Amino acid sequence: MLSKLFGFLRGKGVLVQGVDKLPEGQARILSLGDPLAGGKQIVLCRLEGKLYAVDRICPHEGGRINEGPLVDGKYYVCPLHSYKFDPKTGESIDIGCKAAKTYKVEAKGKDCEIFV
Ligand code: FES
């Protein structure tokens with residue numbers, strides 16, 4: 001009962017398989033669910049051995065955060081105005097901008113669970 005309550009508070013967990021193949025300093029786009037029915041696009045990266053996830057929609061003006069190598073080995077980038085975001089916090093690095101929405105990620109062996 002209590003675990004159901006905590007599960008509700010932290011969001012619904014979505015299992016993503018094979019994330020052990022995501023190299024250090026790389027980011028991949030994941031489509032979770034149908035975009036026409038409330039699905040999301042999330043960018044998952046590995047930084048310093050840990051997995052981090054942010055919403056792909058940029059908080060600046062709605063651009064789409066890139067996949068691929070993290071800029072300077074540690075930042076997501078939105079190509080529309082080249083703003084950089086810290087994967088750990090979602091905070092914008094060089095310009096005052098709202099933080100990107102982050103999601104809790106739990107590694108589970110070769111897979112992970114993202115709480116959306
Ligand atoms: S819309 Fe992403 S940096 Fe401007």
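See the structure printed just above.
Throughout what follows, the structure given in this document is the object of discussion. (Residues numbered from 1 in each chain as written. Predicted model: local features only at pLDDT ≥ 70, side-chain atom pairs only at ≥ 80, totals over all residues.)

1. Focus on the overall build of the protein chain
Of the regular secondary structure elements, the protein chain holds one helix and nine strands. When its helices and strands are written in sequence order, the protein chain yields α-β-β-β-β-β-β-β-β-β. Relative to a compact globule of 116 residues, whose C-alpha radius of gyration would be 13 Å, the protein chain shows 14 Å and is just as compact. The principal-axis extent of the C-alpha atoms belonging to the protein chain is close to 45 × 30 × 25 Å. Counting over 116 residues, the protein chain shows a buried share of 23%. Contacts spanning at least 24 positions in sequence make up 43% of the contacts within the protein chain whose residues lie at least 6 apart. (Helix = DSSP H or I, 4+ residues; strand = E, 2+ residues; numbered from the N terminus. Rg over C-alpha atoms; globule rule 2.2 N^0.38 Å. Buried ≥ 20, exposed ≤ 12 C-beta atoms within 10 Å, placed from the backbone. Contact = placed C-beta atoms within 7 Å.)

2. Description of unusual backbone geometry
What you tend to see is this: most non-glycine residues have negative phi, and most peptide bonds are trans. Not every positive phi belongs to a glycine, and Glu48 is a case in point at roughly 55°. Assignment of secondary structure puts Glu48 in the loop between β3 (40-47) and β4 (50-55). C-beta crowding within 10 Å serves as the criterion here: with 11 such atoms nearby, Glu48 is assigned to the exposed category. Even without being a glycine, Ser82 presents a positive backbone phi close to 65°. Note that Ser82 resides in the loop between β6 (76-78) and β7 (83-85). Ser82 sits in the exposed class, given 11 other C-beta atoms within 10 Å.

3. Focus: the sheet that holds β4
In spatial order, the strands read β1-β9-β8-β4-β3-β2-β5; together these seven strands make up an open sheet with antiparallel pairing. Looking at the sheet topology across the chains shown, the edges are occupied by β1 (13-16) and β5 (68-69). Note: strand β2 (residues 26-32) against β5, two bridges, orientation antiparallel. Paired with Gln26 across the two strands is Pro69, which belongs to β5. (Pairing = 2+ DSSP bridges.)

4. Focus on the pairing of β4
Bridge analysis of β3 against β4 gives six bridges, and the strand direction is antiparallel. Each residue of the ladder has a partner; that of Arg46, found in β4, is Leu51. Between β3 and β4, which pair antiparallel and follow one another directly, the connecting turn spans two residues, one of which, Glu48, has a positive phi of 55°. Across two bridges, the pairing between β4 and strand β8 (residues 102-108) is antiparallel. Bridge pairing in β8 places Ala53 opposite Tyr103.

5. A short note on the environment of Arg56
Along the chain, Arg56 falls in the loop between β4 and β5. On the basis of neighbour counts, which here come to 22 C-beta atoms within 10 Å, the residue Arg56 falls in the buried class. In the structure, Arg56 is positioned 53 residues away from Gly109 in sequence and 25 Å away in space, judged by C-alpha atoms. Residue contacts for Arg56: discarding those within four places in its chain leaves Ile29, Gln41, Ile42, Val43, Arg64 and Ile65.

These figures capture arrangement, not role.
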